[in-house]
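One letter stands for each residue in the lines below.
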Amino acid sequence: MADGAPKLEANLVTIVPEAEIAGLMTPQDAYDAVEATFAAMNSGAAYNFPVIREAIGHADALYGFKSGFDKDGLSLGLKSGGYWPGNENRGLTNHQSTVVLFDADTGRVKALVGGNLLTALRTAAASAVSINHLARKDAKVLGMIGAGHQSAFQMRAAATQRDFEKVVGWNFHPEMIGRLEETARDLGLPFEQVSLEELGAQSDVIISITSSHQAGLMADWAKPGTHIACMGTDTKGKQEVDPALLAKATVFTDEIAQSITIGEAQHAIASGLINETDITEIGAVINGAHPGRQNDQEITLFDGTGVGLQDLAVASKVVELALERGVATQVNF
Ligand code: NAD
């Protein structure tokens, strides 16, 4: 090598393929990683970069990047992927994503991790974190709005947080309701298909996880003391609940910047029903800076928009587990 030429050092990149994730990552691992991330975001140790999301004009797909940096955990990287609505007909998941992690000291690529199952686990973990910190302790009925791919993960994660005795469910496409019924059965919980109004009347905790573009759950339908996790709205124009419900509720979110632009709060903000200052980061509750729920009559609402740092946190954890258990594939890059 000529004097002064840069040294080409071997760089081991860890690959954790999609098929390995299920055997490595538990919902509890995802919960712990996501809760710690929300806390780090609130304390200022971790921040997300602006999201890129574009309709690419091919296959009806939405494609983008979510990225960020956690100075405490030294997680740096991005999740790239999006939504391909035609995938189901090919036997594939509509959401497709991959996480790339980089070494925060050198910028060299560190890991390539399948992001599909991780997305479902981290999204379910986010609503579970909100239920743990905000729902009434005596919550008994779980209401599920939405019966798509994410809904089963959501129900399973929620069931770890409270002693639910029953699940009630509603879906825009009634023929999909079987997914909720089967998941509830697996969890040993009775299931009832109900109207949205009835779902509001019965539920102590409601999770909405749909791709709806108009309000379904009306403000008057949620009973006092309910906790609502709005998990489906992650893009401008999507909407799951009546904006008046956000005015009635104490509103929490993963990240305020996303909540007011691409989250459920975008509509209540646009119509002047709430201000940005009415929204609290869930990290503030985790860190003890905000008391969270203050009485049994309060309606709490978590606007879970989905941040890149959640993806980096669960991907970093899965790389750690793969290395620990000797199942990681490593290549020189
Ligand atoms: P999916 O395609 O499997 O299911 C879509 C769901 O939305 C079904 O229940 C369907 O019946 C319902 N739906 C479709 N059109 C509707 C309408 N007009 N009104 C009411 N409901 C309607 O999708 P999925 O993977 O279950 O994801 C559901 C939503 O969650 C999507 O909007 C997705 O972008 C979002 N999501 C959010 C996060 C996050 O971090 N917040 C993460 C992953 C997915």
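A few points on the structure. Everything quoted here is computed from the prediction, not taken from an experiment. (Residues numbered from 1 in each chain as written. Predicted model: local features only at pLDDT ≥ 70, side-chain atom pairs only at ≥ 80, totals over all residues. Heavy atoms only, no water.)

Quick word on a nonpolar patch on the surface
Piece 1. Among the surface-exposed residues, Ile 52, Ile 56, Tyr 63 and Phe 65 lie close enough to one another that they form a single nonpolar patch of about 320 Å² accessible area.
Piece 2. Inspection of the secondary structure assignment puts Ile 52 in strand β3 (residues 52-55).
Piece 3. For Ile 52, a relative accessible area of 44% translates into the label partly exposed. (Patch = residues over 30% accessible without salt bridge, like charges linked within 9 Å, V, L, I, M, F, W, Y side chains within 5 Å. Areas by Shrake-Rupley, 256 points an atom, 1.4 Å probe, with all protein chains shown as cover. Salt bridge = Lys/Arg side-chain N within 4 Å of Asp/Glu carboxyl O. Helix = DSSP H or I, 4+ residues; strand = E, 2+ residues; numbered from the N terminus. Buried < 20%, exposed > 50% of the residue type's maximum accessible area, 1.4 Å probe, protein only.)

Remarks on the packing of aromatic side chains
Centre-to-centre distance and the angle between the planes together describe a pair of aromatic rings.
Piece 1. Per the counting criterion, the structure on display carries four aromatic pairs.
Piece 2. Their ring planes at 65° and their centres at 5.4 Å tell us that Tyr 47 and Phe 49 sit as a pair that is edge-to-face.
Piece 3. The interplanar angle of 70° and the centroid separation of 6.4 Å between the aromatic rings of Tyr 63 and Trp 84 together place this pair among those described as edge-to-face. Remark: Trp 84 occurs in the loop between β5 (75-83) and β6 (95-102) and Tyr 63 occurs in strand β4 (residues 62-70); sequence separation between them is 21 residues. (Phe/Tyr/Trp six-rings, centres within 6.5 Å; stacked < 30°, edge-to-face > 60°.)

What about unusual backbone geometry?
Piece 1. For Asp 60, which is not a glycine, the phi torsion comes out positive at approximately 60°.
Piece 2. Within the fold, Asp 60 resides in the loop between β3 and β4.
Piece 3. Look at Asp 60 and you get exposed, because its relative accessible area is 68%.
Piece 4. The backbone phi angle of Leu 74 is positive, close to 55°, even though this residue is not glycine.
Piece 5. Relative to the helices and strands, Leu 74 is located in the loop between β4 and β5.

Overview of the site of the ligand
Piece 1. Surveying the vicinity of the ligand reveals 25 residues, the closest of which are Arg 122, His 149, Asn 171, His 173 and Lys 238.
Piece 2. Backbone polar atom of His 149 to an oxygen atom of the ligand: 2.8 Å apart, as the coordinates give it.
Piece 3. One of the side-chain N or O atoms of Asn 171 is found 2.7 Å from an oxygen atom in the ligand.
Piece 4. Starting from 860 Å² of accessible surface for the ligand in isolation, the protein chains cover 88%.
Piece 5. The set of elements that each furnish at least two residues to the shell around the ligand consists of α3 (116-134) and α4 (149-159).
Piece 6. Looking at the shell around the ligand residue by residue, the class counts come to six nonpolar, 16 polar and three charged. (Near = heavy atom within 4 Å. Polar contact = N/O pair within 3.5 Å; in protein donor to acceptor, adjacent residues only side chain to side chain. Nonpolar A, V, L, I, M, F, W, Y, C, P; charged D, E, K, R; others polar.)

Quick word on helix α5 (residues 178-186)
Piece 1. Every buried residue belonging to α5 is among Leu 180, Thr 183 and Ala 184, and all of these are buried. Buried residues along α5 cover an arc of 100° about the axis, so they all sit on one side. Projecting away from the buried face of α5 at angles above 90 degrees are the exposed residues Arg 185 and Asp 186.
Piece 2. Check the buried side of α5 and you find it contacts β8 (141-145), α4, β9 (166-170) and β10 (191-193). (Arc of directions from axis to C-beta. Contact = heavy atoms within 4.5 Å.)

Structural notes on the pairing of β4
Piece 1. Here strand β2 (residues 46-48) pairs with β4 via three bridges, running antiparallel. Considered in β4, the bridge of Tyr 47 is made with Phe 69.
Piece 2. Pairing of β3 with β4, which is carried by four bridges, proceeds in the antiparallel orientation. Bridge pairing links Arg 53 to Gly 64 in β4.
Piece 3. Remark: six residues form the turn of the hairpin made by β3 and β4, two consecutive strands paired antiparallel; Gly 57 in that turn has positive phi of roughly 75°.
Piece 4. Between β4 and β5, which pair antiparallel in sequence order, lie four residues; one of them, Leu 74, sits at a positive phi of approximately 55°. (Pairing = 2+ DSSP bridges.)

Looking at the sheet that holds β8
Piece 1. A sheet is described by the order of its strands in space; here eight strands give the open sequence β10-β9-β8-β11-β13-β17-β15-β16, paired in parallel fashion. Either end of the sheet is taken by a strand with one partner, and the two such strands are β10 and β16 (279-281). With strand direction ignored, the average angle separating the axes of adjacent strands in the sheet is 20°.
Piece 2. Of the strand pairs in this sheet, β8 and strand β11 (residues 205-208) are connected by four bridges, and their pairing is parallel. Bridged to Ile 145 within β11 is Ser 208.
Piece 3. Helix-sheet contacts for α4 involve β8, β9 and β11, and the interaxial angle to β8 is about 165°. (Axes fitted to C-alpha atoms, helices over the stretch in contact; angles between N-to-C directions.)

Digging into the nonpolar core
Piece 1. Membership of the largest hydrophobic core comes to 61 residues, with the highest contact counts inside it found for Met 25, Phe 38, Val 113, Leu 142 and Ile 207.
Piece 2. Here this core gets ten residues from one element, more than from any other, and that element is α3.
Piece 3. In this structure, this core is formed jointly by two domains, domain 1 (12-118 + 309-332) and domain 2 (136-306), each of which donates at least three residues.
Piece 4. By size, the runner-up hydrophobic cluster in this structure holds 24 residues, among which are Leu 196, Val 251, Ile 256 and Leu 301. (Core = buried A, V, L, I, M, F, W, Y, C linked by side-chain atoms within 4.5 Å. Domains from an automatic or database assignment.)

Considering the pattern of salt bridges
Piece 1. Evaluated as defined, the whole model comprises ten salt bridges.
Piece 2. With its nearest N and O atoms 3.1 Å apart, the salt bridge here joins Asp 204 to Lys 223. One end of the pair, Asp 204, is in the loop between α6 (196-202) and β11; the other, Lys 223, is in the loop between β12 (213-217) and β13 (227-230), and 19 residues separate them in sequence.
Piece 3. Given a relative accessible area of 25%, Lys 223 falls into the partly exposed group.
Piece 4. Here Lys 317 and Glu 320 are joined by a salt bridge, their closest N and O atoms 3.2 Å apart. Within this pair, Lys 317 and its partner Glu 320 are both found in helix α11 (residues 308-324), separated by three residues, close to a single helical turn.
Piece 5. In this structure Glu 320 comes out as partly exposed when scored by relative accessible area, which is 39%.
Piece 6. Look at the salt bridges and you will find they share partners, linking Arg 136, Asp 138, Asp 204 and Lys 223 into a network.

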